[in-house]
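# Topology and contacts: notes
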Amino acid sequence: MTTKTALIVGATGLVGRELLIILLQRSEYKKVITLVRKPQGIYHEKLVEKVIDFDQLDENMIDYQIDDVFSCLGTTIKKAKSQEVMRKIDVMYPLMIAKLTQNIGAKQFLFVSAPTANSSSRIFYSRIKGELEDEVKKLDFHSVSIFRPSLLLGKREEFRLGEKTAELLYSAFSFLFIGPLKRAKAIQGHTVANAMFKSAQLAHNGVSIYESDQIEQLGTN
Ligand SMILES: NC(=O)c1ccc[n+]([C@@H]2O[C@H](COP(=O)([O-])OP(=O)(O)OC[C@H]3O[C@@H](n4cnc5c(N)ncnc54)[C@H](OP(=O)(O)O)[C@@H]3O)[C@@H](O)[C@H]2O)c1
């Protein structure tokens, strides 16, 4: 059994928290480092939590040899309040983490994107997700895994009306999501986290893109 060191950003979010719990439980990882902006209240012998200011990110904040880097960072336009701030959180922070960890020898970078990611899109959200994908693909990791989940399900501390309404509609009409529509079916945050963990163990060379139905398959089996 190889024992690796993981770094997670976004570990306090819906997907990130599930991922953190999985990595702490699994013997594949001897150490899990999280970069957070406030303490998460999780204590574990393998966990090193670093409270940082993401605007001051630099390589001195990552003073461990890292193998696998996971980014579940992101926000909503409602929380960010401007496109500029949202782009900083959804693109600049993960990209900065990717560059810093690549420079110190990390082997793989895995991150959550979105099904509509496309840097040429006229829709801001899709465009920034595509921008991050394009930029990370240019880096020199042994392995890059991009996860494009559909609507995320799971327990959130904050209430998101739009997502809650969509969640109710998805549950009521879940029988419709078969065949080509499987990709649009809502997915549990835990399933995405489990798929990220499993993909990290495969460590395929190059870029792998997981659409939502593939995440469901990998994360539930
Ligand atoms: N919601 C959906 O249905 C959906 C669908 C497809 C893809 N996605 C994407 O999937 C990813 C994960 O989604 P999620 O729902 O798990 O996210 P989430 O619950 O909103 O968590 C976001 C994470 O980003 C961190 N973050 C936000 N603003 C930050 C800032 N200014 N500085 C540092 N950290 C910050 C949060 O930390 P704090 O706890 O400190 O705020 C949290 O750890 C996101 O990129 C999202 O865009 C979401």
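Numbers given to residues run from 1 along each chain, matching the order in which its sequence is written. Local features in this predicted model are restricted to residues of pLDDT 70 or higher, and side-chain atom pairs are both shown and tallied only at a pLDDT of 80 or more, whereas totals for entire chains, interfaces and linings draw on every residue. Note that water and hydrogens are dropped before the side-chain values are worked out from all heavy atoms of the structure.

## Considering the packing of helix H6 (residues 189–202) against helix H7 (residues 212–220)
This is how the line gets drawn: Axis definition: a line fitted to C-alpha atoms, over the contacting stretch in the case of helices. Angles run 0 to 180 degrees between N-to-C directions. Helix and strand labels come from DSSP, where a helix needs a run of H or I of at least four residues and a strand needs a run of E of at least two; each type is numbered from the N terminus. Angles are sorted into four bins: roughly parallel if under 35 degrees, roughly antiparallel if over 145, roughly perpendicular if 65 to 115, and oblique for all others. Only heavy atoms matter for contacts: two residues are in contact if any of them lie within 4.5 Å across the pair. Residues were grouped as follows: Ala, Val, Leu, Ile, Met, Phe, Trp, Tyr, Cys and Pro as nonpolar; Asp, Glu, Lys and Arg as charged; and all remaining residues, including Gly, as polar.
Viewed as axis vectors pointing N to C, H6 and H7 meet at an angle of 75 degrees, and their least axial separation amounts to 7 Å. Classified by the angle between their axes, H6 and H7 sit roughly perpendicular to one another. Of the residues in H7, those in contact with Thr191, Val192, Asn194, Ala195, Lys198 and Ser199 of H6 are Ile215, Glu216, Leu218, Gly219 and Thr220. Across the contact of H6 with H7, the residue classes tally to four nonpolar, five polar and two charged.

## What about the pattern of salt bridges?
Rules: Salt bridges are defined by distance alone: a side-chain nitrogen of Lys or Arg within 4 Å of a carboxyl oxygen of Asp or Glu. For every residue, the accessible area (1.4 Å probe, protein chains only) is compared with the maximum for its type, and the residue is labelled buried under 20%, exposed over 50%, or partly exposed between those bounds.
Here the structure, examined in full by the defined rule, presents ten salt bridges. Linking arginine 87 and glutamate 131 is a salt bridge whose minimum nitrogen-to-oxygen distance equals 2.5 Å. Linking arginine 87 in helix H3 (residues 83–103) with glutamate 131 in helix H4 (residues 124–137), this pair joins segments that are 44 residues apart in sequence. Owing to a relative accessible area of 31%, arginine 87 belongs among the partly exposed residues under this scheme. Two residues, glutamate 133 and arginine 148, come together in a salt bridge whose shortest N-O distance is 2.7 Å. One end of the pair, glutamate 133, is in helix H4; the other, arginine 148, is in strand E6 (residues 143–148), with 15 residues separating them in the sequence. Considered together, glutamate 133 and arginine 148 belong to a single accessibility category, that of buried residues. Here the salt bridges share partners, and the residues they tie into one network are Glu133, Arg148 and Glu211.

## Overview of the site of the ligand
Spelled out, the test is: Residues are counted as near a molecule or strand when any one of their heavy atoms sits within 4 Å of it. Side-chain atoms alone can form a polar contact between residues adjacent in sequence; in general such a contact is a pair of N or O atoms within 3.5 Å, and within protein one must be able to donate a hydrogen while the other accepts it. To be clear on the numbers: accessible area is Shrake-Rupley with a 1.4 Å probe, and residue cover counts the displayed protein chains and nothing else.
Every one of the 26 residues lining the ligand counts as a neighbour, but Thr12, Arg37, Leu73, Lys129 and Arg156 are closest to it. Take lysine 129: an N or O atom from its side chain is 2.8 Å from an oxygen atom of the ligand. For the ligand, whose free accessible area comes to 910 Å², the fraction covered by protein is 88%. Per-element tally for the shell around the ligand: the top contributor is H3, with three residues. For the shell around the ligand, a count of residues per class yields 13 nonpolar, six polar and seven charged.

## Brief notes about the side chain of threonine 5
If you trace the backbone, threonine 5 turns up in strand E1 (residues 4–9). Looking at threonine 5, its side chain comes within polar contact range of the side chain of lysine 30, at 3.5 Å. Beyond its immediate sequence surroundings of up to four residues, threonine 5 is in contact with Tyr29, Lys30, Lys31, Ile33, Gln65, Ile66, Asp67 and Asp68.

## Notes on the environment of valine 85
With respect to the secondary-structure elements, valine 85 resides in helix H3. Under the relative-accessibility criterion, valine 85 is labelled partly exposed at 31%. For the pair formed by valine 85 and threonine 75, sequence separation is ten residues and the distance between their alpha carbons is 9.2 Å.

## Quick word on unusual backbone geometry
The backbone of lysine 81 shows a phi angle near 75 degrees, a positive value even though the residue is not glycine. Along the chain, lysine 81 falls in the loop between helix H2 (77–80) and H3. The backbone of alanine 203 sits at a positive phi, close to 45 degrees, despite the residue not being glycine. Take alanine 203: it is sitting in the loop between H6 and strand E9 (206–211). Residue alanine 203 is classed as partly exposed on the basis of its relative accessible area, which comes to 24%.

## Some thoughts on a nonpolar patch on the surface
Heads up, the condition is: What makes a patch is a set of residues exposed beyond 30% relative accessible area and free of salt bridges, joined within 9 Å when like-charged and within 5 Å when nonpolar (Val, Leu, Ile, Met, Phe, Trp, Tyr).
A contiguous nonpolar patch, built from Leu169, Phe173, Phe175 and Leu176 and spanning about 420 Å² of accessible area, is present on the exposed surface. Mapped onto the elements, leucine 169 comes out in helix H5 (residues 161–172). With a relative accessible area of 48%, leucine 169 lands in the partly exposed category.

## Some remarks on the UniProt feature "domain: NAD-dependent epimerase/dehydratase" (unreviewed entry) in the protein chain
Basically, it comes down to this: UniProt positions are given in the numbering used here, feature names are shortened, and annotations may be inferred rather than shown by experiment.
Residues annotated by UniProt as "domain: NAD-dependent epimerase/dehydratase" (unreviewed entry) correspond here to residues 6–114. As annotated, residues 6–114 has a helix share of 34% and a strand share of 24%, and its two end C-alpha atoms lie 23 Å apart.

## So, the nonpolar core
Rules: Throughout this description, the term nonpolar core refers to a set of buried Ala, Val, Leu, Ile, Met, Phe, Trp, Tyr and Cys residues connected via side-chain atoms within 4.5 Å.
By size, the foremost hydrophobic cluster in this structure holds 33 residues, and its most contacted members are Leu7, Leu35, Phe54, Leu57, Ile97 and Phe109. Those elements that place two or more of their residues in this core are E1, strand E2 (29–36), H3, strand E5 (108–112), H4 and E6. Once you skip the residues sitting within four places of it in the chain, phenylalanine 54 turns out to touch Val9, Leu35, Val36, Arg37, Leu73 and Tyr93. The next biggest cluster of nonpolar side chains, apart from the first, holds 27 residues, and it includes Leu23, Leu24, Leu110 and Ala200.

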